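One letter stands for each residue in the lines below.
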Amino acid sequence: MPDKKLDNDIAQFCTVTGASARDAKKFLEVHKRLDIAIDAYYTNPNAFSNSGRRKGDSSAPSTSKLNQLFDQYKDPDGEEITVNGTIKLCEDLGVDPEDVVLLAVAYELKSPHMGEWTRQGWIDGWKSIGFGMKSALERLRNQLASDPSYFPKVYNHTFDFARTEGQRSLGLEYAQGFWSLLLPLALKGGALALAPSRDGDDDVAMDDEEGWKEEYTQWWFDFLNQKGLKGISKDTWTMFLDFIRSTNSSFSNYDMEAAWPSTIDDFVEFAKARLAPGA
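Residues numbered from 1 in each chain as written. Predicted model: local features only at pLDDT ≥ 70, side-chain atom pairs only at ≥ 80, totals over all residues. Heavy atoms only, no water.

**Notes on the overall build of the protein chain**
Link 1 in the chain: When its secondary structure is counted, the protein chain shows 13 helices and six strands.
Link 2 in the chain: For the protein chain, with 279 residues in total, the buried portion stands at 44%.
Link 3 in the chain: Once local pairs closer than 6 in sequence are excluded, the contacts in the protein chain between residues at least 24 apart make up 68%.
Link 4 in the chain: Total accessible area computed for the protein chain in this model is approximately 14600 Å², and 49% of it derives from carbon and sulfur atoms. (Helix = DSSP H or I, 4+ residues; strand = E, 2+ residues; numbered from the N terminus. Buried < 20%, exposed > 50% of the residue type's maximum accessible area, 1.4 Å probe, protein only. Contact = heavy atoms within 4.5 Å. Areas by Shrake-Rupley, 256 points an atom, 1.4 Å probe, with all protein chains shown as cover.)

Next up, the structure:
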C-alpha cells in the first residue's frame, strides 16, 4: 500500500527546500522526521551521492504540490488556512509567528487578514516566489529591509491585513506593534533611508543630512499615547511612511504648509520641543 504520510512529507520537503522528490525521500528515509530531514538538507544538501538541487529545480512549484501542501495546513472544517494552520506552518518553517518576514509573505500570498490564507493566494504567491520556502523567507527579509520600492508595498498591505474587519482605522496598539516590527528592519537595512532632497530645477542636493532615527519611533509612540488616540487612519498610516522618508533628523525641512495629516504636524512640534537645547 502507498505510504500517504511519506508521500505528504516528500511533497512538503520539496516545496520547503526546492529539492527533488528523489533527494527528499533519501533524507526522510535516513532522518525519519520531516523537520530533522529539512534541517539536515540545509546543513548539507549534498550529503548523499547525486543529492542537491539539479538544474531545473529552481522553477516554480507545481499547482498540485501546492494544493497538497495547502490541504495539510487548512482548517479541517473550512477552505482556508487559519490560526492553527498558520502556527503549524511557522513551526515547519522554523520561524516565529511574530517574525516581521511573515508580513512580506502575507503581501506575496495576498493574505486578507492575520492568520488567514486563501488557496488561490497561496498557490499564486508561492509560484511567484519560487521553490524553497525557507530560502524564500531570507530573500524576502533582505528585500523588505533594503528595497525602498518593495518596503512600501508590504507596509501598506499591512494596514488592511492587520485591521479588524469592518473597522476603518487600525487600533493604536496594533499600529504600534506593526511599526515596531517594520521600522527597525527598514531603518537598519536602508529601505527607509532619507530620500535625496532636490533644489530648484530638480537638481539633487548633495548633503549629508541624517534621516529618521530609531529613537524617534519611541517619540512617535509617546506622542500618540499622550494625545490619547484610539486608532490610526489609513491616511495617517500611509503618509507617516512618506514623512519618515522625506524629513531630516532635525525636522528643519518639514513643510507645515504641505498637506500632511494634522497628527503629523503636531508630532513635529512635539519632536522639535524634545530636540530643543535644555529639553
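**Side note on the nonpolar core**
Link 1 in the chain: Core analysis: the biggest nonpolar cluster contains 79 residues, and Trp122, Trp179 and Phe243 have the highest contact counts within it.
Link 2 in the chain: When residues of this core are assigned to their parent elements, the largest contribution, seven residues, is made by helix α10 (residues 172-189).
Link 3 in the chain: When residues no more than four places from it in sequence are discounted, the contact partners of tryptophan 179 are Tyr155, Pro184, Trp220, Phe221, Leu224, Ile232, Trp237 and Phe240. (Core = buried A, V, L, I, M, F, W, Y, C linked by side-chain atoms within 4.5 Å.)

**Here's the deal with the packing of helix α1 (residues 4-17) against helix α2 (residues 21-31)**
Link 1 in the chain: In contact at an axis separation of 9 Å, α1 and α2 are set at 115° when each is read in the N-to-C sense. The interaxial crossing formed by α1 with α2 has right-handed handedness. Between α1 and α2, the contacting residues are Leu6, Asp9, Ile10, Phe13 and Cys14 on the first element and Ala21, Ala24, Lys25, Phe27 and Leu28 on the second.
Link 2 in the chain: Residues that form the contact of α1 with α2 fall into these classes: eight nonpolar, no polar and two charged. (Axes fitted to C-alpha atoms, helices over the stretch in contact; angles between N-to-C directions. Left-handed = near helix turned anticlockwise from the far one by under 90°. Nonpolar A, V, L, I, M, F, W, Y, C, P; charged D, E, K, R; others polar.)

**So, unusual backbone geometry**
Link 1 in the chain: Phi at lysine 110 is positive, roughly 55°, even though this residue is not glycine.
Link 2 in the chain: With respect to the helices, strands and loops of the structure, lysine 110 is situated in the loop between α6 (101-108) and β2 (117-118).
Link 3 in the chain: A relative accessible area of 59% means that lysine 110 is categorised as exposed.

**Observations regarding the side chain of serine 20**
Link 1 in the chain: Tracing the backbone shows serine 20 in the loop between α1 and α2.
Link 2 in the chain: In this structure serine 20 comes out as buried when scored by relative accessible area, which is 8%.

**Some words on the environment of proline 97**
Link 1 in the chain: Within the element layout of this structure, proline 97 appears in the loop between α5 (83-93) and α6.
Link 2 in the chain: Among the residues examined, proline 97 registers a relative accessible area of 48% and is labelled partly exposed.
Link 3 in the chain: Between the C-alpha atom of proline 97 and that of isoleucine 87, which follows or precedes it by 10 residues, the distance is 6.6 Å.
Link 4 in the chain: When residues no more than four places from it in sequence are discounted, the contact partners of proline 97 are Cys90 and Leu102.

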